[in-house]
Amino acid sequence: MDSGIHAAGLWAALNIIVLLVLSGITSARRRKHRVSLGDGGKPPVEAASRAFGNAAEYMPLAIATLILLALTGHQTWVVHLIGGSFLLGRILHAWGMLTGVGPTPGRMFGMLLTYVPLLASAVMLICCWVGGL
């Protein structure tokens, strides 16, 4: 099997682990603040819930692009670069959400390291299509 697919699998697995950690943090904060559903108007629960939700919104798209990059023949280092920078962005964003209020540096750099790899992936996949015409 191609090493690009293995690289995509690695980054998918690491993103899933981050998502599970964020889910656990959300559950722990709900227990601590005695919130059964939603955030109960408690800022720490809201922050954890949004850190999880934001990750859950972006991770499937990133995992799909990693798989597509591998399947379209991009070099393994490209998959690692996109996957690693995206994962770092998700970790920074979650850390910024969980430890600060407002537009923290972690949130800002985290979103930058989310948007740039996704945009780069989109451009590379469009170039594959254009090159295949």
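Predicted model, so just to flag it, every value in this text is computed and none were measured. (Residues numbered from 1 in each chain as written. Predicted model: local features only at pLDDT ≥ 70, side-chain atom pairs only at ≥ 80, totals over all residues. Heavy atoms only, no water.)

1. What to know about the packing of helix α2 (residues 43–71) against helix α4 (residues 105–131)
Interaxial distance between α2 and α4 falls to 10 Å at its minimum, and their mutual angle equals 35 degrees. By crossing handedness, the relation of α2 to α4 is classed as left-handed. Residue-level contacts link Asn 54, Tyr 58, Leu 61, Ala 62, Thr 65, Leu 68 and Leu 69 of α2 to Met 111, Thr 114, Tyr 115, Leu 118, Ser 121, Met 124 and Leu 125 of α4. Classifying every residue of the contact of α2 with α4 by side-chain character gives 10 nonpolar, 4 polar and no charged. (Axes fitted to C-alpha atoms, helices over the stretch in contact; angles between N-to-C directions. Helix = DSSP H or I, 4+ residues; strand = E, 2+ residues; numbered from the N terminus. Left-handed = near helix turned anticlockwise from the far one by under 90°. Contact = heavy atoms within 4.5 Å. Nonpolar A, V, L, I, M, F, W, Y, C, P; charged D, E, K, R; others polar.)

2. As for the layout of surface pockets
In this structure, the largest pocket spans a volume of roughly 200 Å³. Lining the largest pocket are 13 residues; nearest its centre among them are Pro 43, Ala 47, Met 97, Gly 100 and Val 101. Sorting the residues of the lining of the largest pocket by element identifies α2 and α3 (76–99) as the ones contributing at least two each. Per-element tally for the lining of the largest pocket: the top contributor is α2, with 5 residues. Classifying every residue of the lining of the largest pocket gives 6 nonpolar, 3 polar and 4 charged. (1 Å grid on protein atoms, 1.4 Å probe; cavity = no way out; pocket = protein on both sides within 12 Å on 5 of 7 lines; lining within 4 Å. Points joined across faces, edges and corners; volume = space filled by probe spheres on them.)

3. Some words on the side chain of His 74
Summarising the element assignment, His 74 is placed in the loop between α2 and α3. The exposure class assigned to His 74 is buried, which follows from its relative accessible area of 18%. One polar contact links His 74 to Thr 72, side chain to side chain, over a distance of 3.1 Å. Once you skip the residues sitting within four places of it in the chain, His 74 turns out to touch Leu 69, Met 124 and Cys 128. (Buried < 20%, exposed > 50% of the residue type's maximum accessible area, 1.4 Å probe, protein only. Polar contact = N/O pair within 3.5 Å; in protein donor to acceptor, adjacent residues only side chain to side chain.)

4. Here's the deal with the packing of aromatic side chains
Tallied over the entire structure, the rule returns 1 aromatic pair. On the basis of an interplanar angle of 65 degrees and a centroid distance of 6.2 Å, the ring pair of Tyr 58 and Tyr 115 is categorised as edge-to-face. Here Tyr 115 lies in helix α4 and Tyr 58 lies in helix α2, a separation of 57 residues in the sequence. (Phe/Tyr/Trp six-rings, centres within 6.5 Å; stacked < 30°, edge-to-face > 60°.)

5. Structural notes on the nonpolar core
If you look at the biggest cluster of nonpolar residues, it comprises 25 residues, and the most contacted ones within it are Leu 22, Ala 51, Leu 66, Val 79, Ile 82 and Phe 86. Looking at this core, the elements with two or more residues in it are α1 (3–32), α2, α3 and α4. No other element matches α2, which puts 9 residues into this core. Apart from the residues lying within four places of it in its own chain, the contact partners of Phe 86 are Asn 15, Tyr 58, Met 59, Ala 62, Leu 113, Thr 114, Pro 117 and Leu 118. (Core = buried A, V, L, I, M, F, W, Y, C linked by side-chain atoms within 4.5 Å.)

6. Quick notes on the pattern of salt bridges
When charged atoms on two side chains of opposite charge get close, those side chains can pair. Applying the stated criterion to the full structure yields 1 salt bridge. Note that Arg 50 is salt-bridged to Glu 57, the shortest N-O span being 3.2 Å. Overall, Arg 50 belongs to the partly exposed group, its relative accessible area being 36%. (Salt bridge = Lys/Arg side-chain N within 4 Å of Asp/Glu carboxyl O.)

7. What about the side chain of Arg 90?
With respect to the helices, strands and loops of the structure, Arg 90 is situated in helix α3. Buried within the structure, Arg 90 lacks any salt-bridge partner; its nearest side chain of opposite charge belongs to Glu 57, at an N-O separation of 7.2 Å. Not counting residues within four places of it along the chain, the set of residues in contact with Arg 90 comprises Asn 15, Asn 54, Ala 55, Tyr 58, Met 59, Gly 110, Met 111 and Thr 114. (Lys, Arg positive; Asp, Glu negative; His and termini not counted.)

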